[in-house]
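Read off the chains here:
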Amino acid sequence: MSSNTPSSSAGGVGSADSAAPRRNSKRPKYSKFTQQELPACKPILTPRWVISAFMLVSIVFIPIGVVSLFASRDVVEIIDRYETECVPENLRNNKVSFIQSDANKTCTRKLRVKKLMKQPIYVYYQLDNFYQNHRRYVKSRSDSQLKDNSSWNDVSSCKPEDMSNGQAIVPCGLIAWSLFNDTYNFSLNNQQLEVNKRGISWKSDRDSKFGNDVFPRNFQNGTLIGGKTLDPTVPLSKQEDLIVWMRTAALPTFRKLYGKIERDLQANETIHVTLENNYNTYSFNGKKKLVLSTTSWLGGKNDFLGIAYLTVGGLCFFLALSFTVVYLLKPRRLGDPSYLSWNRNPGGH
Amino acid sequence: MDSESIETFYSAESALSSSSRRSNFSIRSKASGRNSIREVNFGDLGSKAVRYGSRGADSETYSLNMSQKEINDEDARLVHINDPVQTNERFEFSGNSIRTGKYSILTFLPRNLFEQFHRVAYIYFLVIAVLNQLPQLAVFGRGVSILPLAFVLLVTAVKDAYEDYRRHRSDRIENNRLASVLVNDQFQQKKWKNIEVGEIIKIYANETIPCDMVLFSTSDPTGVAYVQTINLDGESNLKTRYAKQETLVKIPEKDKLDGLIKCEKPNRNIYGFQANMEVDGKRLSLGPSNIILRGCELKNTAWAVGVAVYAGRETKVMLNSSGAPSKRSRLETHMNLEIIFLSLFLIALCTVVSVCAAVWLRRHRDELDYLPFYRRKNFSDDGEENYNYSGWGLEICFTFLMSVIVFQVMIPISLYISMELVRVGQAYFMVRDTQMYDESSNSRFQCRALNINEDLGQIKYVFSDKTGTLTENKMEFQCASIWGVDYSGGKAISLDQKDGYFVKVDGKVLRPKMKVKTDPELLQLARNGKETEEGSHVHDFFLALAACNTIVPLIIDSHDPNVKLIDYQGESPDEQALVYAAASYGFMLIERTSGHIMIDIQGERRRFNVLGLHEFDSDRKRMSVILGFPDKSVKVFVKGADTSMFSVVDRYMNKNVIRTTEAHLYSYSSLGLRTLVVGMRDLSTSEFEEWHSAFEVASTALMGRASLLRKVASNIENNLCILGASGIEDKLQQGVPEAIESLRTAGIKVWVLTGDKQETAISIGYSSKLLTSKMTQIIINSRSKESCRKSLEDAVIMSKKLTTISDTTNDTGGTSRAGLTPAALIIDGTSLVYILDSELEESLFQLACDCSVVLCCRVAPLQKAGIVALVKKRTADMTLAIGDGANDVSMIQMADVGVGISGQEGRQAVMASDFAMGQFRFLVPLLLVHGHWNYQRMGYMVLYNFYRNAVFVLVLFWYVLFTCFSLTTAITEWSSVLYSIIYTSLPTIVIGILDKDLSRRSLLKYPQLYGAGQRQECYNKKLFWITMIDTLWQSAVAFFIPLLAYWSSTIDASSIGDLWTLAVVILVNLHLAMDVMRWNWLTHAAIWGSIIATFICVIIIDSLPFLVGYWAIFEIAKTGLFWLCLLAIIVAALIPRFVVKVLYQLYVPSDVQIVRETEKFQTQTESGAVEIELSSILDTPRR
């Protein structure tokens, strides 16, 4: 109340900057930040920018697409679907009962190498219509049990494959229980083809997820056998088939690595495969395929990405062109105030 | 003379009259029912003025009845003076310790949680978290599912706890302050918290009053005490409080004080108090002027003694401490509709999933038992039984609920928190804006409501008060008409009178603090004394100005030890101006006590006895003082509004003087001056005696005191002889015309609602450029409903004629007005009485919409609210009300956005407002700059948040279609929880606070850009649906490119999940980056930082060996396919949006877009010109 407020007529003297710093002044401190005036870049989509952006994308994408397509084409792949052929013809009406019976399930297949296949040649089995990503399925495992021998009893999450004959199962759960158990033997010109089954799983899994002191116990002892049995003397960290299987696939059609053939296969060679068709995919109309494939930097044979890149690149090229044309035909001067809505239709004329 | 000037003039001179002015306030709080006031105090007689519609007459009788009611015993509180033991016998009165903290340590958790769960969104998430705990539905792990809700609750709880801690701390400090309390006939220091009702307390100068007390005695022999109520209502001037004569002489230490005070129950009306006191067998009545309230400070009084009547939480200040009003923003209301759409969409997704699951289960029902990935039967030990399968129907039901859990983020919980954070950030910048800082009142912009920031960008109607809002409310005496002669020469302070008038006292110079320009001729006349007839009239006139008021002179030191300044403290600026003017002409008020005043007349000190004072009330619209002259003659001086004065003037005396004075008044008011008429009358002894006895009776009456006093006043205020009139300039605030011009260019309709009379209002309208000479004025002054109807009909026809002319030239509404004759509607309060709340409202609204300016004069506070309601009810447009006085409170609370001016007239407007600022012109940067930004930011943020969460949910949804509809998520549950907490939340908040589409300069240069908000360009249904379609495309690209690229490969769920996580996060962040308009380092940090943070989080999650996805990110990142997928997803997903955006910007550019380009390409050339244009609105003062 007793502040020397200048009378209003004198107010004009002190402008904002020259005002002496008054005591207790609440004037906000000036800074670029508080005044929202931080130095900033203000990009504007000018036609030149837009066209160059589209050109850039097409210049990057088209070559990548071409390279990917070539990489995919370079991959040589032999796929053999065998789940029907490996059932004797007379039993094909009831495949499920065949696969559940004790009948001999050995089956031989001939694979012809169409093109030179450079080593390493990966051997995969491919399952179709097998939902390894089903909620009930993926939950049915016990990671602590796999890792640590002391918690072998930790099977609570493994139902319905948690206990057998009153004893905990190691490895428990539906995933381990349904371990794929077809086996393949390859021979070339009556000579056994070595399939290297070591190192087919992730090193990180072998080292940290599956313990080297955890041994299979009470496995596949129940009434219902789901798949492969495991050698109880080999620790889980060495059971690579299991490790591969336990990395559940993301999609209902998937491949799993079976092994590697570490020699070249010449074109027109014929490989004889002796396979044990044990795994029951018939109950859900699943397909089984045996796949021999080389690999490229891009992985397996899949043209999709190359085509996608070419499409996007081509589209961008087209857009760049059409924007150029449109821009040349109907340009608009950027920032021209006469386009402002209140300038476009002046009030009185 | 006009009602408003009179109202401010006499405002709250003593609490008695002030309560009449504030009566709308007290009635309102009564109506709101929080703390009902049982007795409407005397002052409520004024309530007639604040009613609108036809109920005025009822309220008069109503309030009379109320005021005549005795305080019933059951409604009263009995306070035994100096006997706290007996007073508090029944333990019904609270002690003086206060607790503003909401929680104690024990109650914090339950109460805080209870309060937080008032939000529907939280309950939704709680229900989902609970659902997830059921074993059949457990989609996420226990911890994960609770995490988001827990996080939000925790953040809010920590914030609340901190605030509460601060409240507790200040409570502790407050409770432990000391006061002198009479204990065993001796004053002792006692802590505030131990003070009890009934105790006698002594307060010394500059001390804060610890509780509400009735004054007993003060250091002043007449029993006056001055208090400053700044903590209570923000008014910094001093208010006078009186001790009763009967208690004055008692010395608390010696005389045994006892007695009984019977007062009303605690209530929150700070301007009302009613009680009676029995002392020494006499019954005295107490009013609001006898009580001093907690929180006030004692000033200019050495000590005061009083008895505590209300303590602690029952004090008026504590009862009044309520939070800011809560309003809901328009955008948020619209948003809720879209939330419903999203909920429907969510339900649709869940239905699709459960129907598909049902079909799948049905088709495979025979195989389920043995299906390796389903295994319905459990064969392990004791026979076959169903494992985790509850039948077809229940499974579908579970699937549905599970999918709700999985897709829960479709409803963006984080949006609510982000919006709050963004609003806090926006408020921070608004408060810190140096261009909205008012130098003269040293006040910053204030954000009192935090949830309607974005409404500032969509205002269509501004309702403005005039006095104190458009004008400064710093009154300056300009001219006077004395005895029919006009003296208006005082245009400058000439050299010889530079120091103004002063008197010497004890060798020291005493001078008024403010100098007033004087008219040399009048000055000369005043100095010559009253020898001539002219001189005697001038003498009487200035004596009236100096005496007839409630100003308190305070002597303060100045820099020069020989000069003392005299500062006139009073509640009405008009009165201050008049007293300063009188002082400049040599009639200096030096001392005022309740019994006498000391006036220094041309160096000669004269003492006048104040025999009686009739304070202002809004019915009489005048005040009077009865002075006993040293020569024993008695005169009554009256001062008031012209209408009320001319009705009590003796018409047959001095007809010429009356006529010329009326002419002068007319010319003054057409200059925009506020006028007051002064009159006087000699009282004969018999007249005086008669008045005196009546006055005594009335002022000690217990019932209906106010109306009795009013009657007494009316009896004496008649047959006056007119002395003259004064003209006071109410200066326009700086930059008002420019601000109004800007607002109107922006397409905002400015309506001025004022209590002033028509001529003043119109002249202010012209000087503020609200009205221009081009406009056709439609004036409605009607005295009956029928004439109202007729004039409205005529006016509508007239405006139709005008608008049909304009329609041919103008199809965009009110934005372009050049070349046509806009109409201005001027309507007065009397006509509004007949129009509001009747069927005529509709045609008034039609008419008002056609007019580009609406000016309502002589409107009462509730009529102001009625007019706002008229517009608010009939349109979806946003309304803003701005005002500074208590009479604007109802309007401010009625409007969508209420702005208070923290100016001269106290703080009630500010307390009721959503935003408060120092000057009217700050409305321009507030609306055009901050409003525009806030709206644009918030609109974009809401859309973006919908998009962001929907993309994620859709990616989850697509995957569900490939997992037998079993709701597996490839994306780890941790990622899906962290998605809206860490991965994507920060950039949208930073952008919501910092991004600017246009610079401040452009927004001020082209006010039309404000139309973007009015047309809802940043958030509307079309944009919502476009965004949703874009969302669908983007999610499809993000999902299907990896799906096809990895089809029939060895990919495992965790790896592809990581790819999807990263793809979606990068995608939504780049989407945001594409729309950012200003990249500063914070924006860069937030966007790129979030992407990096996501990578880090994914790496951390994949480094935990107990999770399924251990090491997956490292395995997949080794392959080229991963990176190619990422690149393809981002480019392919963003192309459509980019193309549409480019096409829109290049070929259908919005105004904002064009100006952005202008900003970029033509900054240098035009900046100079803009500077000049804007300078008046912005910082540098115009005059």
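For clarity, every value in this text was computed on a predicted model and none was experimentally measured. (Residues numbered from 1 in each chain as written. Chains lettered and ligands numbered in written order. Predicted model: local features only at pLDDT ≥ 70, side-chain atom pairs only at ≥ 80, totals over all residues. Heavy atoms only, no water.)

### Looking at the overall build of chain A
A tally of regular secondary structure across chain A gives nine helices and 10 strands. Relative to the 2.2 N^0.38 estimate, which gives 20 Å for 349 residues, the radius of gyration of chain A is 35 Å and therefore markedly larger than a compact globule would have. The principal-axis extent of the C-alpha atoms belonging to chain A is close to 110 × 65 × 40 Å. By the burial criterion, 48% of the 349 residues in chain A qualify as buried. By sequence separation, contacts in chain A at least 24 residues apart represent 79% of the contacts at least 6 residues apart. Here chain A has roughly 17,200 Å² of accessible surface; of this, 53% comes from carbon and sulfur atoms. For chain A, the distance from the average position of its 46 positive side-chain charges to the average position of its 29 negative side-chain charges is 12 Å. (Helix = DSSP H or I, 4+ residues; strand = E, 2+ residues; numbered from the N terminus. Rg over C-alpha atoms; globule rule 2.2 N^0.38 Å. Buried < 20%, exposed > 50% of the residue type's maximum accessible area, 1.4 Å probe, protein only. Contact = heavy atoms within 4.5 Å. Areas by Shrake-Rupley, 256 points an atom, 1.4 Å probe, with all protein chains shown as cover. Lys, Arg positive; Asp, Glu negative; His and termini not counted. Charge placed at Lys NZ, Arg CZ, Asp CG, Glu CD.)

### Re the side chain of B:Ser890
Position of B:Ser890 among the secondary structure elements: in helix H29 (residues 889-894). Not counting residues within four places of it along the chain, the set of residues in contact with B:Ser890 comprises B:Pro861, B:Leu862 and B:Ala865.

### Let's talk about the confidence of the model for chain A
Low pLDDT means the predicted coordinates in that region are not meant to be read closely. In the predicted model, chain A carries a mean pLDDT of 86, and 92% of its residues have values of at least 70. Note that pLDDT drops below 50 for residues 1-22 of chain A; the model gives that stretch 25 contacts with residues more than four away or on any other chain. (pLDDT = per-residue confidence, 0-100.)

### Some thoughts on the pairing of strand E24 (residues 587-592) of chain B
All names here are of chain B. The buried count for E24 comes to five of six residues, which makes it a mostly enclosed element. Direction of pairing for E24 relative to strand E25 (residues 596-601): antiparallel, over a ladder of five bridges. Paired with Phe587 across the strands is Ile601, a residue of E25. (Pairing = 2+ DSSP bridges.)

### With respect to the interface of chain A and chain B
With 111 residues of chain A at the contact, the number on the chain B side is 127 residues. Here chain A meets chain B over a buried area of about 10,300 Å², counting both sides, of which 60% is carbon and sulfur. Here chain A and chain B share four salt bridges between them. With its nearest N and O atoms 2.9 Å apart, the salt bridge here joins A:Glu161 to B:Arg375. On inspection of chain A and its partner chain B, the count reaches 37 residue pairs in polar contact (both at pLDDT 80 or more). (Buried area = accessible area lost by both parts, 1.4 Å probe. Salt bridge = Lys/Arg side-chain N within 4 Å of Asp/Glu carboxyl O. Polar contact = N/O pair within 3.5 Å; in protein donor to acceptor, adjacent residues only side chain to side chain.)

### With respect to the packing of aromatic side chains
For the structure on display, the rule yields 64 aromatic pairs over all chains. Aromatic ring contacts, followed pair by pair, group A:Tyr125, A:Phe130, A:Tyr131, A:Tyr137, A:Phe180, A:Trp245, A:Phe254, A:Tyr279, A:Phe284 and B:Phe373 into a single cluster. Sitting over the face of the ring of A:Tyr258, A:Lys197 holds its NZ or CZ atom 3.4 Å from the ring centroid. Note that A:Arg217 overlies the ring of A:Trp152, its terminal NZ or CZ placed 4.1 Å from the centroid. (Phe/Tyr/Trp six-rings, centres within 6.5 Å; stacked < 30°, edge-to-face > 60°. Lys NZ or Arg CZ within 6 Å of the ring centre and 35° of its normal.)

### A word on the sheet that holds strand E28 (residues 634-640) of chain B
Residue and element names in this part refer to chain B. Reading across the sheet, the nine strands line up as E19-E18-E30-E29-E28-E27-E26-E25-E24 and stay open at both edges, with antiparallel pairing between neighbours. The open sheet has two edge strands with one neighbour each: strand E19 (485-487) and E24. With direction set aside, neighbouring strand axes in the sheet form an average angle of 30°. On the sheet, helix H18 (residues 573-584) packs against strand E18 (471-482), E24, strand E27 (622-628), E28, strand E29 (673-683) and strand E30 (721-732) and is oriented at approximately 45° with respect to E18. (Axes fitted to C-alpha atoms, helices over the stretch in contact; angles between N-to-C directions.)

### A short note on unusual backbone geometry
Following A:Gln119, the chain continues to A:Pro120 via a peptide bond in cis, the omega torsion being -5°. By secondary structure assignment, the location of A:Pro120 is in the loop between strand E2 (106-112) and strand E3 (121-127). Cis geometry marks the peptide bond from A:Val170 to A:Pro171, where omega comes out at -15°. When you line up the elements, A:Pro171 lands in the loop between strand E5 (167-168) and helix H5 (173-177). The phi dihedral of A:Asn189 falls on the positive side, at around 50°, and the residue is not glycine. On the secondary structure map, A:Asn189 appears in the loop between strand E6 (183-188) and strand E7 (191-193). Under the relative-accessibility criterion, A:Asn189 is labelled exposed at 58%. Phi is positive for B:Lys769, close to 65°, though the residue is something other than glycine. Given the relative accessible area of 43%, B:Lys769 is considered partly exposed.

### Details of the state of the cysteines
Linking two cysteines covalently via their sulfur atoms produces the bond known as a disulfide. Residue and element names in this part refer to chain A. Tallied over the entire structure, the rule returns two disulfides over all chains. Disulfide partner of Cys86: Cys107, at an S-S distance of 2.0 Å. The sign of the S-S torsion, about -65°, decides the handedness of the disulfide formed by Cys86 and Cys107: left-handed. Of this pair, Cys86 sits in the loop between strand E1 (77-81) and helix H2 (95-100) while Cys107 is found in strand E2, placing the two residues 21 residues apart along the sequence. For Cys86, a relative accessible area of 5% corresponds to the buried category. The exposure class of Cys107 is buried, given its relative accessible area of 9%. The disulfide partner of Cys158 is Cys172, and the S-S distance across this bridge is 1.8 Å. Taken together, the residues span a long stretch of sequence, with Cys158 in the loop between helix H4 (143-147) and strand E4 (163-164) and Cys172 in the loop between E5 and H5 at a distance of 14 residues. (Disulfide = S-S within 2.5 Å.)

### Topic: helix H24 (residues 758-767) of chain B
Note on helix geometry: an α-helix contains 3.6 residues per turn, so any two residues three or four positions apart are oriented the same way. Residue and element names in this part refer to chain B. Summarising burial for H24: seven of the 10 residues are buried, a large majority. Those residues of H24 that sit buried are Gln758, Thr760, Ala761, Ile762, Ser763, Ile764 and Gly765. Residue Lys769 follows H24 closely and has a positive phi angle near 65°.

### Details of the sheet that holds E1(A)
Residues and elements named next belong to chain A. In spatial order, the strands read E1-E10-E3-E8; together these four strands make up an open sheet with antiparallel pairing. Strands at the two margins of the open sheet, each flanked by one partner only, are E1 and strand E8 (254-261). For this sheet the average axis-to-axis angle between neighbouring strands, irrespective of direction, equals 20°. The pairing of E3 with E8 spans seven bridges and is classified as antiparallel. Across the sheet, residue Gln126 finds its bridge partner in E8, namely Arg255.

### Some details on helix H37 (residues 1053-1075) of chain B
Between its terminal C-alpha atoms H37(B) stretches 33 Å, which fits the 33 Å expected from 23 residues at 1.5 Å a residue. Burial analysis of H37(B) places 22 of its 23 residues in the buried class, the great majority of the element. (Expected span 1.5 Å × (residues − 1).)

### Examining the pattern of salt bridges
Summed over all chains, the structure comprises 50 salt bridges over all chains. Linked through salt bridges whose partners overlap, the residues forming this network are B:Lys785, B:Glu786, B:Arg789 and B:Glu839.

### Brief notes about the confidence of the model for chain B
Residue and element names in this part refer to chain B. In the predicted model, chain B carries a mean pLDDT of 80, and the fraction of residues at 70 or more is 85%. Counting interchain partners and residues more than four positions distant, the pLDDT-below-50 stretch residues 1-69 has 183 contacts. Residue range residues 1166-1173 is modelled with pLDDT below 50. Its contacts to residues more than four positions away, or to other chains, number six contacts. Our summary of model confidence lists the complex with pTM equal to 0.80 and ipTM equal to 0.92.

### Comments concerning the packing of helix H13 (residues 330-363) of chain B against helix H31 (residues 923-960) of chain B
All names here are of chain B. The contact between H13 and H31 brings their axes to 12 Å, and the two run at 5°. Relative to H31, the element H13 lies roughly parallel. Across the interface between the two elements, Leu331, Met335, Glu338, Ile339, Leu342, Phe345, Leu349, Val352 and Val353 of H13 pack against Tyr935, Met938, Gly939, Val942, Phe946, Val953, Leu954, Phe957 and Val960 of H31. (Parallel < 35°, antiparallel > 145°, perpendicular 65-115°, else oblique.)

### Some thoughts on a nonpolar patch on the surface
Residue and element names in this part refer to chain A. A grouping of Ile62, Val66, Phe70, Phe317 and Leu321 is seen on the molecular surface, where their side chains present a nonpolar patch of about 430 Å² in accessible area. Counting only elements with at least two residues in the nonpolar patch, the list comes to helix H1 (47-74) and helix H8 (304-329). A total of three residues in the nonpolar patch trace back to one element, the largest contributor, which is H1. (Patch = residues over 30% accessible without salt bridge, like charges linked within 9 Å, V, L, I, M, F, W, Y side chains within 5 Å.)

### Structural notes on the side chain of B:Asn549
Residues and elements named next belong to chain B. With respect to the helices and strands, Asn549 occurs in the loop between helix H17 (533-547) and strand E22 (552-557). Reaching out from Asn549, the side chain makes a polar contact with the backbone nitrogen of Ile551 at a distance of 3.2 Å. There is a polar contact of 2.7 Å between the side chain of Asn549 and the side chain of Arg592.

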